[in-house]
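Residues per chain are reported as follows:
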Amino acid sequence: MTRVFVPRDVVALALGADKIAAAIVATAKARGADVSIVRNGSRGMFFLEPLIEVETPAGRIAYGPVTLKDVAALFDAGFLDGGTHALRIGKPEDHPFLKRQTRLTFARSGITDPVSLEDYAAHEGWLGLKRAIEIGSAAIVDEITKSGLRGRGGAGFPTGVKWKTVADTKADRKYVVCNCDEGDSGTFADRMVLEDDPYMLIEGMTICGLAVGATKGYVYCRSEYPHGIKAFNEALQRARAAGYLGKDVLGSGHAFDIELRVGAGAYVCGEETALLESLEGRRGMVRAKPPLPAINGLFQKPTVINNVLSLATAPFILAHGAKAYADFGMGRSRGTMPLQLAGNIRYGGLFETAFGLTLGEIVEDIGGGTASGRPVRAVQCGGPLGAYFPPALFDTPFDYEAFAAKDGLIGHGGIVVFDDTVDMLTMARFAMEFCAIESCGKCTPCRIGSTRGQEVIDKILAGIHVEANLRLLEDLCQTMKFGSLCALGGFAPYPVLSAMRHYPEDFKPHAAIAAE
Ligand SMILES: Cc1cc2nc3c(=O)[nH]c(=O)nc-3n(C[C@H](O)[C@H](O)[C@H](O)COP(=O)(O)O)c2cc1C
Ligand code: SF4
């Protein structure tokens, strides 16, 4: 019996993976070959999906991107024995895109069957939780603190400090909330965790529950992830049945269980306090801070709210020790970041690497430049509220502080590439329009400012008092930056200001450009 791996990740599904799996089964039957199909996760090399792998005595051999019409030819080429074919990639781990990575968090992605408990356990699964049970609350928090892990949701707040605050706050109930709203443009790492390695998140949340004394966890997931929701719920059921969740986690005497809740499609519900409002059944409006959610969070109880990737990193840190994680990275940015390469890029996908590569290396060397083959003109990092970086800033290392020093943010690790056909005035207008649509409406600079911002940009576009309106736009951006209650209104000016600063030629009235 030969095991053939056909990914169940949504990227592969969108490219016909289900039909390809069925065709492999049918062709094998017709040709008398004995195959068993494993629906694995994705390796994150989206440019090769669907990436089909075959287990051979020499290891797993990959072929991609496979289409339905390639299946018969793959059999003809003897792919079940690793035979030669134009789509043969060789061993996936030897592919340059994977070989250059440091996969700590995504170590299992694409290798295992995501919902198989046996596979998870066979690939270091639950080692972190078992050690966490042994060492207890204070030592868990200590490990997370020493690892230098910072929140991967956007703000980069030290995870250990957050966990310690909740652990030290006395209450009859505490909660762990996982932020899986993942609304940033070009991001998909949280989705991959749900679909491709869901037990890792279950393990991470359970470790957090033990650390802070919480007995209940919620995952708040965007509705646009139906496959992830299904996979995670299936994993939850299996983990509960096997004793990894419930009244007595692995016989430790500690109770912990998890429930997944689905959002309703508002970007602002990714903001932690709006998320809590939504989770409690109200409209997603931002709460003023203080009180911090760590003191007064879900249902007024102390709550850890962390991004999927922050929680999913805890099992590695507990299993291997804080130092093993902190040894990677630069400055105050420790460990690895799962970069998400998207937009107009040749090699799109997930690239986990230690902090410190330059933006140029990431976009040009790893991403291969643009998919269109035209020169890169702009890169937006950190989602729709992140600054645009021109190639002149490509020497910036990927690191929280280095990006902040250039008025940028690394956010959740989304990197969206644009070629030289992009019009930056239009992109600046989009930032204001996005903010106007997604604003929760609680504070004036964001609610009114974003609409005024669109109007001012429209006037610049039309050539009306361009110099005066550019000054007005800059002034408006400063008001939004410093006067908004949360980072939606506070960061929307960053793409606008960076576009004005780095691409002034696009801020001439378009009529004037046409006349030149
Ligand atoms: C408008 C807005 C949207 C946000 N969206 C997300 C999101 O989708 N996922 C996320 O983890 N954090 C998001 N954040 C950041 C959260 O407010 C919060 O900082 C994060 O969940 C904390 O977890 P961490 O410390 O693990 O990063 C958003 C913030 C703002 C202001
Ligand atoms: S900045 Fe915008 S999203 Fe944030 S609280 Fe104010 S109105 Fe709401």
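The structure presented is a predicted model; accordingly, all values stated were derived computationally and were not measured.

Cut-offs and rules
Residues numbered from 1 in each chain as written. Chains lettered and ligands numbered in written order. Predicted model: local features only at pLDDT ≥ 70, side-chain atom pairs only at ≥ 80, totals over all residues. Heavy atoms only, no water. Near = heavy atom within 4 Å. Polar contact = N/O pair within 3.5 Å; in protein donor to acceptor, adjacent residues only side chain to side chain. Areas by Shrake-Rupley, 256 points an atom, 1.4 Å probe, with all protein chains shown as cover. Helix = DSSP H or I, 4+ residues; strand = E, 2+ residues; numbered from the N terminus. Disulfide = S-S within 2.5 Å. Buried < 20%, exposed > 50% of the residue type's maximum accessible area, 1.4 Å probe, protein only. Pairing = 2+ DSSP bridges. Axes fitted to C-alpha atoms, helices over the stretch in contact; angles between N-to-C directions. Contact = heavy atoms within 4.5 Å. Core = buried A, V, L, I, M, F, W, Y, C linked by side-chain atoms within 4.5 Å. Salt bridge = Lys/Arg side-chain N within 4 Å of Asp/Glu carboxyl O. Domains from an automatic or database assignment. Buried area = accessible area lost by both parts, 1.4 Å probe.

Turning our eyes to something else, we now look at the site of ligand 1. Around ligand 1, the surrounding shell holds 19 residues, and the nearest of these are G153, N179, N306, N307 and S310. At 2.9 Å, a backbone N or O of E272 approaches an oxygen atom of ligand 1. Note that an oxygen atom of ligand 1 is positioned 2.8 Å from one of the side-chain N or O atoms of N306. For ligand 1, the accessible surface in isolation is 610 Å², of which the surrounding protein chains cover 91%. For the shell around ligand 1, the secondary-structure elements that each account for two or more residues are β9 (303-307) and α20 (487-491). The biggest single contributor to the shell around ligand 1 is β9, with three residues.

Quick look at the state of the cysteines now. In total, this model carries zero disulfides according to the counting rule given. A disulfide-free cysteine, C381 has its sulfur positioned 19 Å from the sulfur of C477, the nearest such atom. Cysteine C477 is unpaired, with the sulfur of C435 as its nearest cysteine sulfur at 10 Å. Taking relative accessible area as the criterion, C477 reaches 0% and is therefore assigned buried.

A few words now on the sheet that holds strand β13 (residues 349-354). Taken together, five strands build an open sheet; the order of strands is β13-β12-β16-β14-β15 and the sheet is mixed. With one partner strand each, in any of the chains shown, β13 and β15 (388-389) form the two edges of the open sheet. Across five bridges, the pairing between strand β14 (residues 376-381) and strand β16 (residues 414-419) is antiparallel. In the sheet register, V376 faces β16, and the bridge partner there is D419.

The next subject is the sheet that holds strand β8 (residues 257-262). The sheet built from four strands is open, its strands ordered β8-β7-β6-β9 with parallel pairing. Strands at the two margins of the open sheet, each flanked by one partner only, are β8 and β9. Pairs of neighbouring strands in the sheet enclose a mean axial angle of 20°, with direction left out of account. Here strand β6 (residues 175-180) runs beside β9; their pairing, made up of five bridges, is parallel. If you follow C178 over to β9, its bridge partner there is N306. Along the sheet, helix α10 (residues 198-212) makes contact with β6, β7 (216-221), β8 and β9, crossing β6 at roughly 145°.

If you trace the backbone, P226 turns up in helix α11 (residues 226-241). With 166 residues separating them in the primary sequence, P226 and R60 have C-alpha atoms 29 Å apart.

Moving on, we come to the nonpolar core. With 61 residues, the main nonpolar core has W163, L201, I202 and V219 as its most contacted residues. If near-sequence neighbours (up to four positions away) are discounted, W163 is found in contact with I140, V141, I144, I207, C208, A211, V212, V304, N306, L311 and A314. One finds A428, C446, M500 and Y503 within the second-largest nonpolar core, a separate group that totals 39 residues.

Our next topic: the pattern of salt bridges. On inspection of all chains with the given rule, the structure shows 33 salt bridges. Among the ionic pairs, D94 bridges to K99, the shortest N-O distance being 3.9 Å. By relative accessible area, which is 43% here, D94 ends up partly exposed. Taking the relative accessible area as the measure of exposure, K99 reaches 57% and is therefore exposed. Between R287 and E280 there is a salt bridge; the shortest N-O distance is 3.0 Å. The same class applies to R287 as to E280, namely buried. The network of salt bridges with shared partners includes E277, E280, R282 and R287.

We now examine the domain arrangement of the chain. The domain architecture assigned to the chain consists of domain 1 (2-96), domain 2 (117-327), domain 3 (329-419) and domain 4 (424-507). For domain 2 versus domain 3, the distance between C-alpha centres works out to 26 Å. Each side of the interface is counted separately: domain 2 has 23 residues, and domain 3 has 25 residues. Note on domain 2 versus domain 3: buried area summed over both sides is about 1800 Å², and carbon and sulfur give 56% of it. Counting across the domain 2 and domain 3 interface gives one salt bridge. In this structure, the salt-bridge partner of R150 is E401, at a minimum N-O distance of 3.1 Å. Taken together, domain 2 and domain 3 are joined by 13 residue pairs in polar contact (both at pLDDT 80 or more). Looking at the side of domain 2 that touches domain 3, the elements that each hand over two or more residues are α9 (189-196) and α14 (322-326). Here the side of domain 2 that touches domain 3 takes three residues from α9, the largest share from any one element.

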